[in-house]
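# Coordinate analysis (summary)
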Amino acid sequence: GGIITQTPKFLIGQEGQKLTLKCQQNFNHDTMYWYRQDSGKGLRLIYYSITENDLQKGDLSEGYDASREKKSSFSLTVTSAQKNEMAVFLCASSITGGNTLYFGAGTRLSVL
Amino acid sequence: QQQVRQSPQSLTVWEGETAILNCSYEDSTFNYFPWYQQFPGEGPALLISIRSVSDKKEDGRFTIFFNKREKKLSLHITDSQPGDSATYFCAAIASSSFSKLVFGQGTSLSVVP
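Anyway, here's the lowdown on the structure attached to this text.

Adjacent strands of a sheet pair through backbone hydrogen bonds, lying either parallel or antiparallel. Residue and element names in this part refer to chain B. One open sheet accounts for 5 strands, arranged β1-β3-β8-β7-β6; its pairing is antiparallel. Each edge of the open sheet carries a strand with a single partner, namely β1 (4-7) and β6 (56-59). When the angles between neighbouring strand axes are averaged without regard to direction, this sheet yields 15°.

In structure tokens, the structure reads:
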């Protein structure tokens, strides 16, 4: 088995601040994902990456940047935090072309 | 536009009852439908899945019923237990899409002892 570790677990930011969320996986999976979870809206794909240094935009990429520094890690940057924004950001991984995603526990973002 | 819709948004059942969670979709190219279970403070985890060539998939107390013609599916949880209290996400993907699952908005299930 493996595990996905997301840091930090909780993130409080100020309006307009640039915030970075990190994700590490030891499944040795090629593909990694960032999803945003809002209450009542399900999970929406922000970015995904099929290999190191690859980046693909999801449906919700505006306002975010991502970086796949190495196979095991995938970072997400909120380029300018929006006031009163509250959401959970979930990182996931899968084998290439695989339909089963393995999720981390999430980073909970609050913007004051 | 929500391609995968779930109902109800929240559901409360008594322990021992059968909980029925509904899901519908629009894209006729979707052919694989996983259900994910998420407990508070955790990430979602795959619970059970079905391919469009089947109309039923069973795993213990969890059963998916699939109606391709109506583009609907449902998750039945029999003999519901308090430990089943969680949020359940229906998802869908077409074989032509590279691993881009589309998730529904989720159903929050509470099982009362």
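A common way to report how large an interface is uses the accessible area buried once the components associate. Taken together, the 19 residues of chain B in the interface contact 22 residues of chain A. Carbon and sulfur atoms make up 57% of the surface buried where chain B meets chain A, a total of about 1,700 Å² over both sides. Applying the counting rule to chain B against chain A returns 0 salt bridges. The interface formed by chain B and chain A holds 2 residue pairs in polar contact (both at pLDDT 80 or more) in total. Listed by contribution, the elements that provide at least two residues to the side of chain B that touches chain A are β4 (30-38), β5 (45-51) and β9 (86-94) of chain B. No other element matches the 3 residues that β4(B) contributes to the side of chain B that touches chain A.

With that out of the way, let us pick up the nonpolar core. The biggest cluster of nonpolar side chains holds 26 residues, and the ones touching the most others in it are W35(B), L73(B), L75(B) and Y88(B). Those elements that provide at least two residues to this core are β2 (10-14), β3 (19-25), β4, β5, β7 (62-67), β8 (72-77), β9 and β11 (107-112) of chain B. The element best represented in this core is β9(B), accounting for 5 residues. Counting 20 residues, the second-largest nonpolar core is a separate cluster that includes C23(A), A66(A), F89(A) and L109(A).

Glancing now at the sheet that holds strand β8 (residues 73-78) of chain A. Residue and element names in this part refer to chain A. Pairing is antiparallel across the open sheet formed by 4 strands, whose spatial order is β1-β3-β8-β7. Each edge of the open sheet carries a strand with a single partner, namely β1 (4-7) and β7 (64-70). On average, each strand axis in the sheet is tilted by 15° relative to the strand beside it, whichever way the strands run. Sheet topology places strand β3 (residues 19-25) next to β8; 6 bridges connect them, and they run antiparallel. Within the sheet, the bridge partner assigned to T20 lies in β8 and is T77.

Analysis parameters
Residues numbered from 1 in each chain as written. Chains lettered and ligands numbered in written order. Predicted model: local features only at pLDDT ≥ 70, side-chain atom pairs only at ≥ 80, totals over all residues. Heavy atoms only, no water. Pairing = 2+ DSSP bridges. Helix = DSSP H or I, 4+ residues; strand = E, 2+ residues; numbered from the N terminus. Axes fitted to C-alpha atoms, helices over the stretch in contact; angles between N-to-C directions. Contact = heavy atoms within 4.5 Å. Buried area = accessible area lost by both parts, 1.4 Å probe. Salt bridge = Lys/Arg side-chain N within 4 Å of Asp/Glu carboxyl O. Polar contact = N/O pair within 3.5 Å; in protein donor to acceptor, adjacent residues only side chain to side chain. Core = buried A, V, L, I, M, F, W, Y, C linked by side-chain atoms within 4.5 Å. Buried < 20%, exposed > 50% of the residue type's maximum accessible area, 1.4 Å probe, protein only.

None of the figures reported here should be taken as evidence of function without further support.
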